[in-house]
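The primary structure of each chain is shown beneath.
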Amino acid sequence: MRVITERAAPMRTRLLPLILVCIAAPGCSFEVETDSDSDAQSAVENMLAESAVAWNEGRLDGFMDDYVESPGTTYIGSGGLLVGYEAIRDRYAPLFEPGSQRDSLRFEDVRVRRLAAIEAIATARWVLHRGGEITGSGPFTLVLRHTSGGWKIIHDQSSSDPAPPPADEPS
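Residues numbered from 1 in each chain as written. Predicted model: local features only at pLDDT ≥ 70, side-chain atom pairs only at ≥ 80, totals over all residues. Heavy atoms only, no water.

Draft legend 1. A look at the environment of Leu128. Mapped onto the elements, Leu128 comes out in strand β4 (residues 119-130). Each C-alpha atom of the pair Leu128 and Arg102 lies 8.6 Å from the other, and the pair is 26 residues apart in sequence. Not counting chain neighbours up to four residues away, the residues in contact with Leu128 comprise Trp55, Asp103, Ser104, Leu105, Glu133, Ile134, Thr135 and Gly136. (Helix = DSSP H or I, 4+ residues; strand = E, 2+ residues; numbered from the N terminus. Contact = heavy atoms within 4.5 Å.)

Draft legend 2. Highlighting the pattern of salt bridges. Inspection of the entire model under this criterion finds seven salt bridges. Of the charged contacts in the structure, one is a salt bridge between Asp103 and Arg130, with a shortest N-O distance of 2.6 Å. Of the two residues, Asp103 is situated in the loop between α4 (85-92) and β3 (104-116) and Arg130 in strand β4; the sequence distance between them amounts to 27 residues. With a relative accessible area of 12%, Asp103 lands in the buried category. Here Arg125 makes a salt bridge to Asp161, at a shortest N to O gap of 2.2 Å. Of this pair, Arg125 sits in strand β4 while Asp161 sits in the segment after β6 (150-158), placing them 36 residues apart in sequence. Exposure remark for Asp161: the relative accessible area of 29% places this residue in the partly exposed category. (Salt bridge = Lys/Arg side-chain N within 4 Å of Asp/Glu carboxyl O. Buried < 20%, exposed > 50% of the residue type's maximum accessible area, 1.4 Å probe, protein only.)

Draft legend 3. The pairing of β6, seen in detail. Within β6, eight of the nine residues are buried, which leaves the element mostly enclosed by the surrounding structure. As defined by bridge partners, strand β1 (residues 74-77) adjoins β6 across three bridges and the pair is classed as parallel. Following the sheet pairing, Thr74 is matched in β6 by His155. Pairing between strand β5 (residues 133-147) and β6: eight bridges, direction antiparallel. (Pairing = 2+ DSSP bridges.)

Draft legend 4. Structural view of the nonpolar core. Ranked by internal contacts, the top residues of the largest apolar core, which has 29 residues, are Val44, Phe63, Met64, Tyr67, Tyr92 and Leu144. Residue contributions to this core peak at seven residues, all from helix α2 (residues 37-57). Apart from the residues lying within four places of it in its own chain, the contact partners of Phe63 are Ser51, Ala54, Trp55, Tyr92, Phe96 and Leu105. (Core = buried A, V, L, I, M, F, W, Y, C linked by side-chain atoms within 4.5 Å.)

Draft legend 5. Seen up close, α4. Restricting attention to buried positions, one finds in α4 the residues Tyr85, Ile88 and Tyr92. The arc that holds every buried residue of α4, seen down its axis, measures 65°, which confines them to one face. Of the surrounding secondary structure, the elements contacted by the buried residues of α4 are α2, α3 (60-64), β1, β2 (80-83) and β6. (Arc of directions from axis to C-beta.)

Draft legend 6. Geometry of the sheet that holds β4. Spatial ordering of the open sheet is given by β2-β1-β6-β5-β4-β3, a layout of six strands whose pairing is mixed. Single-partner strands in this sheet number two, and they are β2 and β3. Within this sheet the neighbouring strands show an average axis-to-axis angle of 25°, counted without direction. Sheet topology note: the β4/β5 ladder contains twelve bridges and is antiparallel. The residue bridging Ala120 from the neighbouring strand is Leu144, located in β5. Those strands touched by α2 are β3, β4, β5 and β6, and its axis lies near 150° from that of β3. (Axes fitted to C-alpha atoms, helices over the stretch in contact; angles between N-to-C directions.)

What follows is the structure, given as structure tokens:
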């Protein structure tokens, strides 16, 4: 149990009225959002659609344009934590080398929620496909920041769905 000392008590009694005035005052709000979730939803859906186009066309720089180019940008996937834009770029670069096999990419079930005026969280699914067959998929979560260049990823956590059992095994 924490005991409030006599020095701490006056601080508490000074802050309580200030908090109550802010809550009761007309127009006083803790809400910092200026745009609706639907604005962010549309912008992030467009960003991911452009990212899929860049992936499908083999343009690594276009695909990586969604990430904040910063040493603080992070990615978590099956290989663990990657820290920094360059580390994330290095992870994807082999998939874009000439002659490499890269299935087509699309995103599904994108949901975006604003966290603050310049930040949002998105959840969705990535789907790789070739010739009408899904070759890989999984859920992901993005933490995004609104920059002068639009919404950019500051953190990406991607997972893969479990592989289906072989056709000759019962499910």
